[in-house]
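What the coordinates show
The primary structure of each chain is shown beneath.
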Amino acid sequence: MELLVRYLERSNSIGSEMTQDTVTEEKLRDDLMYYFMSPCEKYRARRHLPWKMGVQILKIIMITTQLVLFGLNNQLVVAYKEENSMAFKNLFLKDYSGVDEDDYSVAVYSQQGVYDSVFYVLDQYNQFSRLSTGPITYAEDEDGNLLPLAICKEYYKKGSVNPTGEAFDIDAQLEKVCMSHYPHNPLLHNSSFFDLDFYRLVNIKITFELKGINLQTVRTRELPDCYSFHVTITFDNQGHSGIVKIFLDIAAQSSACRDWKISGTVQKNTHYLLIFDGFVILVCLTSAVLCTRSIVLAVRLLQRFTRFLRETSDRSVCEEDQGEFLNGWYVLVIVSDLLAIIGSILKMEIQAKNLTTYDVCSIFLGTATLLVWVGVIRYLGYFQKYNLLILTMKAAFPKVLRFCCCAGMIYLGYTFCGWIVLGPYHEKFEGLSLVAECLFSLLNGDDMFTTFAQLKDKNTLVWLFSRAYLYSFISLFIYMVLSLFIALITDSYETIKNYQKNGFPLTDLQQFLREPKRFPVVDDDTRTDVQVTSSTLCCSCFYCQRVPENDDIMLIS
């Protein structure tokens, strides 16, 4: 009742003095305050239902469900490929132990070992239809003829090597010779093709194609895919170091089976999934349209506020206030919507057996789900206890970014130094990406002793250098860089806590919004218009909170 009396007194006092300029100013203030309100405050102020928030909640549930369904199916596909790769290695590689050695599967050290391994592949290929326990067999061409296995050898065109006399004569140009072998044909062990000059031999490649059907997807009520496995077995002798490394690589391509018949509800289940994906696309389109509309409204409000400041005080809007109208959360939501729409379209095409790009689809859907869940922070930010995290991140981000740029230069220096010096002696320093990953692990205190212990101590100078290198990196980054990194975030946190207690500095926009003005809302009991201050709203409005960073002030809405 007291609020009603105050509202009537204010209305009477304002009504007699109201001018056109005052009406325009109050209308602008109303629109700005309404734009920066939380969804529940907007509902209390004008009884507008929070459609945008409802769409976001529905989108989170649907996209997460869609991701889980696709992820389970994708795991079956990846597991099928990996299990077939393991089966092929055990079938075609002689003396395969079940575990790859470094980056290769098997290594042989004698000429007879190379011959035995090559003939073993050919012999196993001849018997493959009787050996394999899965629905996999030889590939055929369009006329129904079996495709042959191809075996090619690359070697230096000519040359002679005399290690005793320390002399050699090599023509670096490579020659390639190939032959074909059809399944079930007898092996020609005495063919001149297998007369190998190992000092000239660079590599031997055996390639063939197999066909298979992934029947395990029937359990998930989806149509099985047909697969083409392009198998390549390489005998690598490029190093001419006395060891021939054997690799087995598989390129698996899935496609829709040409002729199939299956009983049950598989096709019906696929139709339901397609309808669900179509509904996800519709929800994402609605979300993108609503957020785009909000961005357009924000631009118009910025233009109105810019004209007001120019006409009343002959000033322009500062950068901090301009940034408030360009809401990054809306951009984040729109990007997640676009990614979800693209991922859903790819998923529908995969389910319809028109595409097989599982990895691309998983990247789109996974990134979209990540951004959708990150966007939830926007709604938590309307509450003071949860808003502290967002304010701290915004305050610390510029300082942390500058600090990381400086620390990154030192990190890159250690990366290149470790790769060039320790690379030949330590498996964790063999490549730049491996060095960066190893140093990052050391930075977080992981695997320290193993990194020290695995270094080969055959070279005393390198061993001493490695100790100085590792000790200096660990001491510098853990005790100094990481401590300073945490201190920057802690300082921003303390600053925000202090400003929440004592108040945030105000910009022109915030001062304009804080001038006395109340929104008329409808009281549920009396059904009369009353005045509601920000303290009576269901959520605390934080559009006036600002994050200072040195002389820069940032605002969060």
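Let us look at the structure shown here. Predicted, not measured: the structure shown is a model, and the values here were computed from it. (Residues numbered from 1 in each chain as written. Predicted model: local features only at pLDDT ≥ 70, side-chain atom pairs only at ≥ 80, totals over all residues. Heavy atoms only, no water.)

All right, on to the state of the cysteines then. Per the counting criterion, the structure on display carries 1 disulfide. Put simply, Cys152 and Cys178 are joined by a disulfide, and their sulfur atoms are 2.0 Å apart. Handedness of the Cys152-Cys178 disulfide follows from its S-S torsion of about 115°: it is right-handed. Here Cys178 lies in strand 6 (residues 174–181) and Cys152 lies in strand 3 (residues 149–156), a separation of 26 residues in the sequence. A relative accessible area of 44% means that Cys178 is categorised as partly exposed. (Disulfide = S-S within 2.5 Å. Helix = DSSP H or I, 4+ residues; strand = E, 2+ residues; numbered from the N terminus. Buried < 20%, exposed > 50% of the residue type's maximum accessible area, 1.4 Å probe, protein only.)

Mapped onto the fold, Ser228 is located in strand 8 (residues 226–236). Those residues within four positions of Ser228 in sequence are excluded, and the remaining contacts are Glu209, Leu210, Lys211, Ala251, Ala252 and Gln253. (Contact = heavy atoms within 4.5 Å.)

Sheet analysis places strand 1 (residues 106–108) next to strand 9 (residues 244–255), joined by 3 bridges and oriented antiparallel. When the bridges of strand 9 are listed, Val108 appears paired with Val244. Relative to strand 9, strand 8 runs antiparallel, the two being bridged by 11 bridges. From the neighbouring strand, His230 faces strand 9, where its bridge partner is Ala251. (Pairing = 2+ DSSP bridges.)

Structurally, Asn237 can be placed in the loop between strand 8 and strand 9. The contact partners of Asn237, leaving out residues within four places of it in the chain, are Phe198, Leu201, Val202, Asn203, Ile243 and Val244.

Let's shift gears to unusual backbone geometry. In this structure, Asp95 is a non-glycine residue whose phi angle is positive, near 60°. Residue placement: Asp95 occurs in the loop between helix 4 (51–92) and strand 1. With a relative accessible area of 66%, Asp95 lands in the exposed category.

All right, on to the packing of helix 4 against helix 10 (residues 358–380) then. Interhelical geometry of helix 4 versus helix 10 gives an angle of 150° and a closest axis separation of 9 Å. Here helix 4 lies roughly antiparallel to helix 10, going by the angle between them. By crossing handedness, the relation of helix 4 to helix 10 is classed as left-handed. (Axes fitted to C-alpha atoms, helices over the stretch in contact; angles between N-to-C directions. Parallel < 35°, antiparallel > 145°, perpendicular 65-115°, else oblique. Left-handed = near helix turned anticlockwise from the far one by under 90°.)

Looking now at the packing of aromatic side chains. Two descriptors summarise a pair of aromatic rings, namely the distance from one centre to the other and the angle between the planes of the rings. If you walk through the whole model with that rule in mind, you get 24 aromatic pairs. Aromatic side chains Tyr80 and Phe229 sit 6.0 Å apart centroid to centroid with 45° between the ring planes, which places their arrangement in the tilted category. With Tyr80 in helix 4 and Phe229 in strand 8, the pair connects residues that are 149 residues apart, well separated along the chain. Of the two residues, Tyr80 and Phe229, neither departs from the other in class, the shared state being buried. Between Phe88 and Phe229, the ring centres sit 5.6 Å apart and the planes meet at 85°, which makes this aromatic pair edge-to-face. One end of the pair, Phe88, is in helix 4; the other, Phe229, is in strand 8, and 141 residues separate them in sequence. Here Phe88 falls in the buried class, since its relative accessible area comes to 1%. Take Phe229: its relative accessible area is 1%, and that puts it in the buried class. Taken together, the aromatic side chains of Tyr80, Phe88, Phe92, Tyr125, Phe128, Tyr138, Phe208, Tyr227 and Phe229 make up a single cluster linked through ring pairs. Stacked on the ring of Phe193, the Lys or Arg Lys153 has its end atom at 4.9 Å from the ring centre. (Phe/Tyr/Trp six-rings, centres within 6.5 Å; stacked < 30°, edge-to-face > 60°. Lys NZ or Arg CZ within 6 Å of the ring centre and 35° of its normal.)

With that settled, the discussion passes to the pattern of salt bridges. One pass over the structure, following the stated rule, counts 6 salt bridges. Here Asp277 ties to Lys347 by a salt bridge, and the two come within 3.1 Å at their closest N and O atoms. Of the two residues, Asp277 sits in helix 7 (residues 266–313) while Lys347 sits in helix 9 (residues 328–351), which places them 70 residues apart along the sequence. On the accessibility criterion, Lys347 (2% relative accessible area) is buried. Ionic pairing is found between Asp447 and Lys428, a salt bridge with its closest N-O pair at 2.2 Å. Taken as a pair, Asp447 in the loop between helix 12 (432–443) and helix 13 (448–453) and Lys428 in the loop between helix 11 (384–422) and helix 12 lie far apart in primary sequence, 19 residues in all. By relative accessible area, Asp447 is classed as partly exposed at 31%. (Salt bridge = Lys/Arg side-chain N within 4 Å of Asp/Glu carboxyl O.)

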